[in-house]
Amino acid sequence: MHGIILQTLQAFVVDTYGEDAWLAIQEEAAIEETVYVPVTVYPDGDVYEIARTAGALTEQSPRTILTQYGTWVLPALLETYNLHIDDEWDGLELIANIQQFHTSLRTRDMTTLTTPRIRSKRLDENRVQIIYDSDRKLCDVARGAIQGVAERFDEELVADERTCMHEGDDACRFDIRRTVADNAETTAEPRAGSDGDSTSGFEFESDATADASSGGTDD
């Protein structure tokens, strides 16, 4: 796991739950590191262990923690990698071009950088499909990031997770649609891993009920 993920995960915990929460996680979690460096690669298990321990300490599921992290980290990622983002893109266009965005990151100076295996496909003017098939199974972070995009660009987006690796599928498939003014109001069913609170501008729909599980070692 690239160090920037773990460094920002630590920053998320401190910013959201306080320094004492991070110190408690360090004490309780089965991790060896006390400081994460962005240019270093760490065991994937550190992410799952931090999410598991943070969830236990805050009485939430680990998947909720990872979803919250995905939303929290999105603005920082957009700022860090803004050179790879077209100024003319809106939120849905950014999602539609995520595959191109990740290809750009893979060709940067940091040749050891591994990015998630994500494919994107434009379905029509207001719909995009994202396919994520990493063995790490961090689709909760992707879900949170989609919410972060909706908030950052002030767009009404609905994400429907059609399949999920936590349910035994070969990949996680998100159909993301932008609502338009004359659409009827949509009711979303929160999945396990979300805290159940609807954020204005974003809705998530899924029938999945899986809780946290560990991923593998792929990117």
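> So what exactly am I meant to see when it comes to a nonpolar patch on the surface here?
A cluster of nonpolar side chains, namely Val-35, Val-37 and Val-39, defines an oily patch on the protein surface of about 270 Å² accessible area. Residue position: Val-37 is located in the loop between helix H2 (19–28) and helix H3 (45–58). With relative accessibility at 35%, the residue Val-37 sits in the partly exposed group.

> Where do I start with the environment of His-2 in this structure?
One can find His-2 in the segment before helix H1 (3–17). Classification of His-2 by relative accessible area gives buried; the value is 5%. Residues His-2 and Asp-44, 42 residues apart in the sequence, show an inter-C-alpha distance of 8.6 Å. At 3.0 Å, the side chain of His-2 forms a polar contact with the backbone oxygen of Pro-38.

> Explain the pairing of strand E2 (residues 127–132) to me, please; I cannot follow it from the model alone.
Each regular strand shows side chains that alternate between the opposite faces of the sheet. In terms of residue burial, E2 counts as a mostly covered element, since five of its six residues are buried. In the sheet, strand E1 (residues 118–124) pairs with E2 via six bridges, with the strands oriented antiparallel. In the sheet register, Lys-121 faces E2, and the bridge partner there is Gln-129. Alignment of E2 against strand E4 (residues 172–178), held across six bridges, turns out to be antiparallel.

> Quick question: what am I supposed to make of the packing of H3 against helix H4 (residues 62–80) here?
Packed helices, taken two at a time, are described by the angle their axes make and the gap between the axes. Look at H3 against H4: their axes get within 7 Å of each other, and the N-to-C directions meet at 110°. Between H3 and H4, the crossing angle belongs to the class labelled roughly perpendicular. Within the contact between the two elements, H3 uses Val-47, Ala-51, Arg-52, Ala-54, Gly-55 and Thr-58 and H4 uses Pro-62, Ile-65 and Leu-66. Classifying every residue of the contact of H3 with H4 by side-chain character gives six nonpolar, two polar and one charged.

The rules behind the values
Residues numbered from 1 in each chain as written. Predicted model: local features only at pLDDT ≥ 70, side-chain atom pairs only at ≥ 80, totals over all residues. Heavy atoms only, no water. Patch = residues over 30% accessible without salt bridge, like charges linked within 9 Å, V, L, I, M, F, W, Y side chains within 5 Å. Areas by Shrake-Rupley, 256 points an atom, 1.4 Å probe, with all protein chains shown as cover. Salt bridge = Lys/Arg side-chain N within 4 Å of Asp/Glu carboxyl O. Helix = DSSP H or I, 4+ residues; strand = E, 2+ residues; numbered from the N terminus. Buried < 20%, exposed > 50% of the residue type's maximum accessible area, 1.4 Å probe, protein only. Polar contact = N/O pair within 3.5 Å; in protein donor to acceptor, adjacent residues only side chain to side chain. Pairing = 2+ DSSP bridges. Axes fitted to C-alpha atoms, helices over the stretch in contact; angles between N-to-C directions. Parallel < 35°, antiparallel > 145°, perpendicular 65-115°, else oblique. Contact = heavy atoms within 4.5 Å. Nonpolar A, V, L, I, M, F, W, Y, C, P; charged D, E, K, R; others polar.

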